[in-house]
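# Architecture at a glance
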Amino acid sequence: MTPNITTMAEMAAKGEKPEILFWVGCAGSFDERAQRVSKAFAQILNDCGISFAILGSEESCTGDPAKRAGDEMTFQMQAMMNIQVLDAYEVKKIVTACPHCFNTLKNEYPDLGGNYEVIHHSTLLQQLINEGRIKLKDGGAFKGKKITFHDSCYLGRANGIYEAPRAVLEALDADLFEMKRAKKNGLCCGAGGAQMFKEAEAGDLEINHERMDDVMEIQPDVVAVACPFCMTMLRDGVKQKEQESTMEVLDLAELVVRQNG
Amino acid sequence: MSIIAFVLLSAAAIYFFAKRIVAVRRNIFLGRKETINNRSSERWAQMTRVALGQSKMVVRPVAGFFHILIYVGFVLINAEVLEIFIDGFTNQHRIFAPYLGAFYDVLISFFELLALGVIIACIVFLARRWGGLKRFKGIEMQGFPTRDAAIILIVEVILMKALFIMDAADMKLSNGEHFFLVSSWLSFWTEWFTPAQLETISHTAWWFHLVGIFAFLNYVPYSKHFHIFMAFPNTWYGSLDPAGKLNNMESVKSEVKMMMDPNANPYAAPASDAPLARLGAKDVADLSWKSLMDAYTCTECGRCTSVCPANQTGKKLSPRKIMMDTRDRLEEVGKNIDQHGMEFQDGKSLLGDYISVEEIRACTTCNACVEACPVLINPVDIIVDLRRYLTLEESNIPVEWGMMNTNIQNNGAPWKFPASDRGNWAQNNG
């Protein structure tokens, strides 16, 4: 099933404006695994009858990794260009499945003149479930399955969002188990601060492998994530522990789609 | 005679303490200017909650409980110190006793219970340190920092002991007029001395306690123990924003604005003759003054380092070391200014001589250290400012980060995919 996705430009050509902009992000656009999350999320928006659009080729990196690597110049250039595009389309509300895009758009753009209502997809999913617009099947694919949630630093500690993703998981009727390091004490996957884009500094082990020890204590069927970079890191961890046949790493949006699929 | 000695001693202690505070304040304001005074009612609430209310200390219940014992003891026993002071100025002893009657004994007994709590807590803390709790190890803790922590705890025990000795001696001398609870349990030794000897012991303990307090007062601003004062301003000025928010560099803003403005004249003279400020931070004076205040506030508890993902996986980064290095370097810069004047350069810098590139490269900006700190210190701000200097001034970045930045500039993504393909996923039937 391919969701029906239009771009802001296509909408503008018809003189329309969507209710919400889906900011896909670099990973959601180019990383094959994260593309599946983008599709799942677009599918949900379709199914709920939400009018949305993407920027497509007019979207560009928020500048988050450049900023955290110390390249403030590249960050601010990206921010100013993105703000011009967003303002040209008179965007008011943005949803994104990437906590890094979310943090940057929400917290760092206002000071540069970009003021939007920015929400993370976990919050939107929670709202849609609460409003009854997403109806999750009883006895769906995850009923009775063991799920653990890995907090993304940029969603959790960075922005205090701990409950929304858990509310989504609880609605699946699965058994939610917390890792020993969760919520405020959650352990990073190792990707933030632009680490995703370089080799780790010398040490005893990789951070995602350290995180996998927490996961292995739970032995879940599903490691739920809400961030494309955590997804990459934890999938690598699952591989390293040779658990591919026993556990899956899935984004919240994929879980929702699959529960009803 | 005794009054003169007391007044001279007090004046000297207060003078040297004040002098040190002025020097620390000057050092903090060597940092980059930044205005932090908005939302003041939230700031008062934050200070009340975090510093006064110890809300983040109790996240770790054992350390939190014993810390509160010492904290409450320290604050309330100061009421007794007030009496000691007035006694010193008036050459009296226990000047409050006649006014308060029986309640005086209740009050002193209450302070004694607090003092007992302080002693127990200090012993527990020493046991945790000497018992080899991992959090108190680490390369940055070798030498003075470990000694410093032990000195503070031992001095606190000795000061409290002096109070008990004084109280027990006075109780015996009062022939049943006074009863002090804890010293009554510990007063067996008073049988061994004559009243005249007890008089001397009480007097000596009084002076010992007083000199001890003054010595403590003047040791604290050079010690990790400075947090007992600094925690208050530091939590007042602590960030009220989401932890994920980094500041946007003002100096870069004007550059970008000019680059984006089609009418800007690139050859126009700079707005002022002021020398161009360094981008990012190489040395302490390039950091925000709040980061420098953070450094003086750090009590080296290591909660940050114990939750740092980089540190836990054997990388060189330790957020506590970042804070301690910043303070050590700032102290060095301050001494240079004292000895050679404001313009003196010693050819050293925070980055390179204290903090290595490898350390700051290991940070994932996950904010675990920021969350863990009981007094709202932010090591990430320092790390990012140092990274900015490396990137913007020295172009010293890993090859992969260089490619990432180039890709972002050229095709709007950290990977080398054409920008025009960005929306392709939405069309594919993959």
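Conventions used here
Residues numbered from 1 in each chain as written. Chains lettered and ligands numbered in written order. Predicted model: local features only at pLDDT ≥ 70, side-chain atom pairs only at ≥ 80, totals over all residues. Heavy atoms only, no water. Pairing = 2+ DSSP bridges. Helix = DSSP H or I, 4+ residues; strand = E, 2+ residues; numbered from the N terminus. Patch = residues over 30% accessible without salt bridge, like charges linked within 9 Å, V, L, I, M, F, W, Y side chains within 5 Å. Areas by Shrake-Rupley, 256 points an atom, 1.4 Å probe, with all protein chains shown as cover. Salt bridge = Lys/Arg side-chain N within 4 Å of Asp/Glu carboxyl O. Buried < 20%, exposed > 50% of the residue type's maximum accessible area, 1.4 Å probe, protein only. Contact = heavy atoms within 4.5 Å. Buried area = accessible area lost by both parts, 1.4 Å probe. Expected span 1.5 Å × (residues − 1). Domains from an automatic or database assignment. Polar contact = N/O pair within 3.5 Å; in protein donor to acceptor, adjacent residues only side chain to side chain. Nonpolar A, V, L, I, M, F, W, Y, C, P; charged D, E, K, R; others polar. Axes fitted to C-alpha atoms, helices over the stretch in contact; angles between N-to-C directions. Left-handed = near helix turned anticlockwise from the far one by under 90°.

## As for the sheet that holds strand E3 (residues 93-96) of chain A
Residues and elements named next belong to chain A. As summarised here, the arrangement of the four strands in space is E2-E1-E3-E4, forming an open sheet in which the pairing is parallel. Two strands close off the open sheet at either side, each with one partner strand: strand E2 (52-53) and strand E4 (117-120). Relative to E4, E3 is paired through four bridges, and the arrangement is parallel. The residue bridging Lys93 from the neighbouring strand is Glu117, located in E4.

## What about a nonpolar patch on the surface?
Residues and elements named next belong to chain B. A grouping of Val72, Phe74, Val75, Leu76 and Phe110 is seen on the molecular surface, where their side chains present a nonpolar patch of about 380 Å² in accessible area. With four residues, helix H3 (residues 61-90) is the single largest residue contributor to the nonpolar patch. Among the secondary structure elements, Phe74 is positioned in helix H3. Accessibility expressed as a relative area gives 35% for Phe74, which makes it partly exposed.

## Focus on the interface of chain A and chain B
With 69 residues of chain A in contact, the opposing surface of chain B contributes 58 residues. For the pairing of chain A and chain B, the buried interface totals around 5,600 Å² over both sides, and the portion due to carbon and sulfur atoms is 62%. Remark: the boundary between chain A and chain B carries three salt bridges. Between B:Arg422 and A:Glu59 there is a salt bridge; the shortest N-O distance is 2.9 Å.

## Some remarks on helix H10 (residues 228-240) of chain A
All names here are of chain A. Counted at 1.5 Å a residue, the expected span for H10 with its 13 residues is 18 Å, and the 18 Å between its end C-alpha atoms agrees. Those residues of H10 not exposed but buried are Pro228, Phe229, Cys230, Met231, Met233, Leu234, Gly237 and Val238. Just past H10, the residue Glu242 takes up positive phi, approximately 55°.

## A few points about the domain arrangement of chain B
All names here are of chain B. Entries for chain B in the domain assignment read domain 1 (2-236) and domain 2 (250-257 + 279-417). Of note, the centres of domain 1 and domain 2, computed from C-alpha atoms alone, are 35 Å apart. In this complex, domain 1 contributes 37 residues to the contact, which on the side of domain 2 involves 41 residues. A salt bridge links Glu331 to Arg20, with the nearest nitrogen and oxygen atoms 3.1 Å apart. Where domain 1 touches domain 2, the interface holds 27 residue pairs in polar contact (both at pLDDT 80 or more). The set of elements that each furnish at least two residues to the side of domain 1 that touches domain 2 consists of helix H1 (2-28), helix H2 (40-52), H3 and helix H9 (227-236). In terms of residues, the side of domain 1 that touches domain 2 owes the most to one element, H9, which gives six residues. Along the lines of polarity and charge, the residues of the side of domain 1 that touches domain 2 split into 18 nonpolar, eight polar and 11 charged.

## Details of the packing of H2(B) against H9(B)
All names here are of chain B. Relative to each other, H2 and H9 sit at 145°, their axes nearing to 7 Å. H2 and H9 meet at a crossing whose hand is right-handed. Two secondary-structure elements touch here, H2 through Ser40, Arg43, Trp44, Gln46, Met47, Val50, Ala51 and Leu52 and H9 through Ala231, Phe232, Thr235 and Trp236.

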